[in-house]
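# Chain and residue survey
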Amino acid sequence: MATARKLQGGELSESEAIERAKQGDADAFEALYDLHKRRVYSLCLRMTANAAEAEDLTQEAFLQLFRKIGTFRGESAFSTWLHRMAVNVVLMRLRKKNLPIVPLDDPLESEEETSKKELGGPDQKLAGSVDRMQIQRAVEALPPGYRTIFVLHDVEGYEHNEIANLVGCSIGNSKSQLHKARMKLRDLLKISRAAKAETH
Amino acid sequence: MTCREFQEILPEIVDGGQSIEQEMHWKSCQECSDLVADLTVISQQAITLRGIDTPSPRVWNSIQIALRQEGLIHASDGLAVVPALGRRWSMQWLVPIAATLLLSFGAVDYYMASRQQPQAQVAEIRQPATVADSVNAEDSRLLEAVAVNAPNMRATYEANLRDVNAYIRDAEDSAKNDPTDEEAQQALVEAYAQKNMIYEMALDRSLR
């Protein structure tokens, strides 16, 4: 059921806004947009790493929502319904651009190189040295396929079975790509930290 | 269990479900312990990226334009911008402002059509594009009117006007710098359309 949250300074609950939006109420549309715009836009931005494109996709997601709002029956949470719509809008755009949504299950580097790196000399842990800005930049630098899985799972909280359904891969593939995305992020964060240490 | 064996199985177990043997390995192995710790930090920090960004007002303005064009929305009842007495006439000052903005669209349209003309003629037409600066005093009047009867909307209108004025200034600068830049011309038209939408919304409220 839709959460009975107060919108617009306490004048309108989300469920009331939804019912009024179904009648074409402009204020109700605006209230729903204000409530959910950050979540949708952040999702689009994280998955595309491009602000202009993310704004276009946000616009498209909300337009689809408002066109279909008459069909919303409340079987799931409104936010879940909107979020799923936004994810599909982004994935469709990535498919149109022929960008890999889920990369083929081949390693980024040879197993030997991976072993050397992981079993090599002592290295400092990331704990306590990673802030939001750093991880944000590292995510932007991920290849698109890895970024998609990482954003859907670690940022947005989708389970692997949901991701598998959304992107059309197996659960095992989703887990494998997530792991590779995290490993790549680990490398990026350590490189960034080393570069920062050199300048000080 | 070796480190290689542990790291091969790590994708399956990193978020839980590890066996006792696997747990014993990474807890006793410094390299694997550090790896698990790092991946956990990354996963935990990822959540801080959720919902932190805000789209520009352009997005909502574009959505509104599309919804109105598709006939999906109409102005709501209540929340009139000015008190009932003298409501109709006291907001009529918005009409000439909206008309001025529409004339600006016409000027920019003419400007776009004339971009192939000699520079001297283009320079003469350029002047109307700066009309955005002259309506700031009117923006203040609009905000005062909004604040009277819909104070909870005032901040939203103010933010939208601030952003759309900045958008207009940027678009004007780009158009002046390169009169042949089609994207700059289009951006200027869109910027005026967005500002017109804000005034239309305020006018819609006042006519209830």
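Since the structure is predicted, the reported quantities are computational estimates derived from the model, not experimental observations.

Procedures and definitions
- Each chain has its residues counted from 1, following the order in which its sequence is written.
- Starting at A for chains and at 1 for ligands, labels are handed out in the order in which the entities are written.
- pLDDT decides what is reported in this predicted model: residues at 70 or higher carry local features, side-chain atom pairs at 80 or more are listed and counted, and totals for whole chains, interfaces and linings draw on all residues regardless.
- Numbering goes from the N terminus for both helices and strands, where a helix is a DSSP run of H or I of at least four residues and a strand is a run of E of at least two.
- Each residue is classified by how many other C-beta atoms fall within 10 Å of its C-beta atom, where C-beta atoms are placed from the backbone; a count of 20 or more means buried, 12 or fewer means exposed, and values in between mean partly exposed.
- Note on contacts: each residue gets a C-beta atom placed from the backbone, and two residues are in contact if those atoms are within 7 Å.
- Side-chain classes are defined by residue name, with Ala, Val, Leu, Ile, Met, Phe, Trp, Tyr, Cys and Pro counting as nonpolar, Asp, Glu, Lys and Arg as charged, and the others, Gly among them, as polar.
- Think of pLDDT as the predictor's per-residue confidence, scored from 0 to 100.
- For the purposes of this analysis, a nonpolar core is taken to be any set of buried Ala, Val, Leu, Ile, Met, Phe, Trp, Tyr and Cys residues that are connected through C-beta atoms within 7 Å.
- Angles run from 0 to 180 degrees between N-to-C directions of axes, and those axes are lines fitted to C-alpha atoms, restricted for helices to the stretch in contact.
- Note that the term roughly parallel is reserved for angles under 35 degrees, roughly antiparallel for angles over 145, roughly perpendicular for angles of 65 to 115, and oblique for everything else.
- By definition, the arc is the one covered by directions from the helix axis to the C-beta atoms.

Moving on to the overall build of chain A. The secondary structure content of chain A amounts to nine helices and two strands. Secondary structure elements in chain A, listed N-terminal to C-terminal, are β-β-α-α-α-α-α-α-α-α-α. Across the 200 residues in chain A, those meeting the buried criterion constitute 38%.

Counting residues at the interface gives 42 residues for chain B and 44 residues for chain A. Mapped by element, the contributors of at least two residues to the side of chain B that touches chain A are helix 1 (3-13), helix 3 (30-46) and helix 4 (57-69) of chain B. Here the side of chain B that touches chain A takes 11 residues from helix 3 of chain B, the largest share from any one element. Counted by class, the side of chain B that touches chain A contains 23 nonpolar, 11 polar and eight charged residues.

Residue and element names in this part refer to chain B. Of the residues in chain B, 67% have a pLDDT of 70 or more, and the chain-wide mean is 71. Here helix 5 (residues 87-90) stands out as the element of chain B with the lowest mean pLDDT, 40, in contrast to helix 3, whose mean of 91 is the highest. Counting contacts from residues 77-92, a segment whose pLDDT is below 50, to residues more than four positions away or on other chains yields 31 contacts. Overall, residues 114-134 carries pLDDT values under 50, and its contacts beyond four positions in sequence, including any with other chains, amount to 26 contacts. Here the predicted complex carries an ipTM of 0.82, next to a pTM of 0.65.

Counting residues in each nonpolar core, the largest one holds 65 residues, and the members touching the most others are Phe29, Leu32, Cys44, Ala86, Val90 and Phe150 of chain A. Excluding anything up to four places from it in sequence, Ala86 of chain A contacts Val40, Leu43, Cys44 and Ala61 of chain A. In terms of nonpolar packing, the next biggest core, distinct from the first, is built from 21 residues, Ile168, Ala171, Ile198 and Tyr199 of chain B among them.

Moving on, we get to the packing of helix 8 (residues 160-167) of chain A against helix 9 (residues 171-198) of chain A. Residues and elements named next belong to chain A. In contact at an axis separation of 8 Å, helix 8 and helix 9 are set at 105 degrees when each is read in the N-to-C sense. Put simply, helix 8 runs roughly perpendicular to helix 9. Along its contact with helix 8, which presents His160, Asn161, Ile163 and Ala164, the element helix 9 presents Ile171, Ser174 and Lys175. Class assignment of the residues belonging to the contact of helix 8 with helix 9 gives a composition of three nonpolar, three polar and one charged.

Residue and element names in this part refer to chain A. Three or more residues of helix 1 (residues 14-22) are buried, namely Glu14, Ala17 and Ala21. All buried residues of helix 1 project into a common sector of 55 degrees when viewed along the axis, lining one side. Looking one or two places after helix 1, you find Gly24, whose phi comes out positive at around 90 degrees.

All names here are of chain A. Of note, Ala49 is a non-glycine position whose phi angle comes to about 55 degrees, a positive value. Along the chain, Ala49 falls in the loop between helix 2 (26-48) and helix 3 (51-68). On the basis of neighbour count, Ala49 is assigned to the partly exposed category, with 17 C-beta atoms found within 10 Å.

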